[in-house]
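# Chains, contacts and geometry: an overview
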Amino acid sequence: TIQKSIDDIMLTTAVADASEKEEDPAHALLKAMEGMDNDDMVKALKKEMLLAAKNLEYERAASLRDKIEELSANPPKPSSKK
């Protein structure tokens, strides 16, 4: 029989819940930067990437790097809203 304390169970489920809700940081940042010029978006993403790397958030920095490469290779087309 396996016995776990309530605290152990709560910690395990809290970690699982947090990982399910986690959003790609680059995607979240891009949503916040909607409407910006492509060059400005790339500059902002690079700044965030360097900050993430400095704070040892390597997965976030890698995600931002990938988004920068994607934007550089395929810049978004300007929307023609009138």
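Residues numbered from 1 in each chain as written. Predicted model: local features only at pLDDT ≥ 70, side-chain atom pairs only at ≥ 80, totals over all residues. Heavy atoms only, no water.

In the nomenclature of an unreviewed UniProt entry, the protein is known as UVR domain-containing protein of Eiseniibacteriota bacterium.

Take the nonpolar core next. Counting residues in each nonpolar core, the largest one holds 10 residues, listed as Met 33, Met 41, Val 42, Leu 45, Met 49, Ala 52, Ala 61, Leu 64, Ile 68 and Leu 71. Sorting the residues of this core by element identifies α3 (38-54) and α4 (58-73) as the ones contributing at least two each. The leading source of residues in this core is α3, at five residues. (Core = buried A, V, L, I, M, F, W, Y, C linked by side-chain atoms within 4.5 Å. Buried < 20%, exposed > 50% of the residue type's maximum accessible area, 1.4 Å probe, protein only. Helix = DSSP H or I, 4+ residues; strand = E, 2+ residues; numbered from the N terminus.)

Moving on: the UniProt feature "domain: UVR" (unreviewed entry) in the protein. Summarizing the sequence annotation, UniProt attributes the feature "domain: UVR" (unreviewed entry) to residues 39-74 in the numbering used throughout. In residues 39-74, helix accounts for 89% and strand for 0%; the two terminal C-alpha atoms are 12 Å from one another. (UniProt positions renumbered as here; feature names shortened; annotations may be inferred.)

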